[in-house]
Amino acid sequence: MRYSIFKSVLGLLLAQFAILGYSQPPGGLPENAHVELSGELQVFIRENLKTETAEYDYFLERGQGKSPVKLIFEGTHPSQLRSGVGIAVRGTVRRGAVEVTAANFEEGALSTGSASSSAEAAALDARSALVVIVNLSDATHSGAQASSMNDYYFGASNSMSDMYEKITFGQLMISGQVVGPISVTQNAADVCADPFIYADSWLSQAEAQFGINRSSFRHRIFAVPKSMPGCGWTGYANVGCGSSCNAFNRWSDDVNTTSHEFGHNLNLAHAGVGSNQYADYSSFMGYSLSNGVRALDGAHHWQTGWYENINAQSTQTIQSSGTYDVAPLLEVTPSASAPSLYRVDVATGDPYFLSARISQGYDTD
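Below is a summary of the structure that appears in this document.

About the criteria used
Residues numbered from 1 in each chain as written. Predicted model: local features only at pLDDT ≥ 70, side-chain atom pairs only at ≥ 80, totals over all residues. Heavy atoms only, no water. Buried < 20%, exposed > 50% of the residue type's maximum accessible area, 1.4 Å probe, protein only. Helix = DSSP H or I, 4+ residues; strand = E, 2+ residues; numbered from the N terminus. Pairing = 2+ DSSP bridges. Core = buried A, V, L, I, M, F, W, Y, C linked by side-chain atoms within 4.5 Å. Axes fitted to C-alpha atoms, helices over the stretch in contact; angles between N-to-C directions. Disulfide = S-S within 2.5 Å. Expected span 1.5 Å × (residues − 1). Contact = heavy atoms within 4.5 Å. Phe/Tyr/Trp six-rings, centres within 6.5 Å; stacked < 30°, edge-to-face > 60°. Salt bridge = Lys/Arg side-chain N within 4 Å of Asp/Glu carboxyl O.

## Quick word on the pairing of strand β7 (residues 126-135)
So, step 1. For β7, the tally of buried residues reaches 9 of 10 residues, placing the bulk of the element in the interior.
So, step 2. Two elements, β7 and strand β9 (residues 219-223), share 5 bridges in a ladder whose sense is parallel. Looking at β9, one finds that L130 is bridged to R220.

In structure tokens, the structure reads:
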């Protein structure tokens, strides 16, 4: 399938679509209707860390109070798509989703870099995160799980926020609030199918019940019960983050998993080896179920630029054979004695990254 990038505003583009005879139904999306829609693209990764499998879902978000529309791309979708970009589509409604026959994305929507370029990873700033504890009609959190939720995400140690503060040397600070539980009418089967379609109503319920304002939080994290038999995912998160982004976590009590799903919000891909996208067990962006806690691998540190921002001499590209000293990846100011990150470019394919790890801090095991 062919996709294009556009510079003009979405409204002008849709006016061009209208000339072709497509029209948007005034309310709702009736089956088999030809439609043209515009809004913000939401890309989600639906993953099962137990089986080390993942797939992607796409939604068009039309604004608060309107249900997002699931998009089904014909053929192969653009693999570099990320959340938060403007999109205009036309297509046919099938079973409540839109089978896309033409799509245009705002300029810059497709990231062309590999792990060797920044690819709009984590911005060096403070991130605000709201965690909403959600009890479903047939699955709930235990009292102990709910009372410990703040420690899982924002605790002073062994938490998602502490992990990112340590490995970024304070460049990425995550603050937030935990509210809930809220009791919702959806059951586990509903939520397993497409959790994002409930995000708006859950946020509205949390706002009414606890007096919070969703606009104060860029990251909206929904802690759903772990006990959801038959559910095919352990985490469901936005890839990239526009003005806001979401994550749905079943394993909220594991710092590797909470950091992993937040990493997808930061546009981090998986840490893999060969064809197995989860096979780098040294990184929380790899397999997140083994014992102990792990920090982040060299390739992702290169992508984010966290080391280079602190000390430009901490990263180096290897262009010739030789003997090189390497300083370990640590949770302290990068060493000035030797680089901590090496990139080895090859004639074809992605570059290799070399780093060293020692048993310290979040790499203790």
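## Things to note about the nonpolar core
Nonpolar side chains tend toward joint burial in soluble globular proteins.
So, step 1. Core analysis: the biggest nonpolar cluster contains 29 residues, and M163, Y164, I167 and I221 have the highest contact counts within it.
So, step 2. Among the elements that make up this core, the one with the highest residue count is helix α4 (residues 160-167) (4 residues).
So, step 3. Core analysis: the next-biggest nonpolar cluster, separate from the first, contains 28 residues, L136, A139, V179 and F222 among them.

## A short note on the sheet that holds strand β12 (residues 315-318)
So, step 1. Spatial ordering of the open sheet is given by β12-β13-β14, a layout of 3 strands whose pairing is mixed. Each end of this open sheet is capped by a strand with a single partner; those strands are β12 and β14 (352-354). Pairwise comparison of adjacent strand axes, ignoring direction, gives a mean angle of 25 degrees for this sheet.
So, step 2. Relative to strand β13 (residues 341-344), β12 is paired through 4 bridges, and the arrangement is parallel.

## Some remarks on the state of the cysteines
So, step 1. As enumerated under the stated definition, the model contains 2 disulfides in all.
So, step 2. Here C192 engages in a disulfide with C231; their sulfurs sit 2.1 Å apart. Every disulfide takes its handedness from the sign of the S-S torsion; for C192 and C231 that torsion is -130 degrees, giving left-handed. Here C192 is found in helix α5 (residues 188-193), whereas its partner C231 is found in the loop between β9 and β10 (235-238), with 39 residues between them in sequence. For the pair shown, C192 and C231 are each scored as buried.
So, step 3. Note on cysteine connectivity: C241 is disulfide-linked to C245, with sulfurs 2.2 Å apart. Given an S-S torsion of about -80 degrees, the disulfide between C241 and C245 has left-handed geometry. With respect to class, C241 is no different from C245; both count as buried.

## Focus on helix α6 (residues 199-210)
So, step 1. Across its 12 residues, α6 extends 16 Å between first and last C-alpha, which sits within 8% of the 16 Å expected from 1.5 Å per residue.
So, step 2. In the core, the buried residues of α6 are packed alongside β7, β8 (173-183), α5, β9 and β11 (245-249).
So, step 3. Of the residues trailing α6, G211 is marked for its positive phi of about 70 degrees.

## Some thoughts on the packing of aromatic side chains
So, step 1. In total, this model carries 17 aromatic pairs according to the counting rule given.
So, step 2. Relative to F248, the ring of Y236 has its centre 6.0 Å away and its plane inclined at 70 degrees; by these criteria the two rings are edge-to-face. Pair noted here: Y236 is in strand β10 and F248 is in strand β11, with a separation of 12 residues, a long-range link. Of the two residues, Y236 and F248, neither departs from the other in class, the shared state being buried.
So, step 3. Ring pairing ties together the aromatic residues F44, F59, F196, Y198, W202, F222, W233, Y236 and F248, which thus form one cluster.

## Some remarks on the pattern of salt bridges
Opposite charge on two side chains makes pairing possible when the charged atoms of those side chains draw close.
So, step 1. Evaluation of the coordinates by the stated rule reveals 11 salt bridges.
So, step 2. Note that R214 is salt-bridged to E207, the shortest N-O span being 3.2 Å.
So, step 3. The closest approach of N and O atoms between D363 and R357, which form a salt bridge, is 2.8 Å.
So, step 4. Residue classification places D363 among the buried residues on the basis of a relative accessible area of 12%.
So, step 5. What you see here is one network of salt bridges that share partners, running through R46, E55, D57, K70 and D194.

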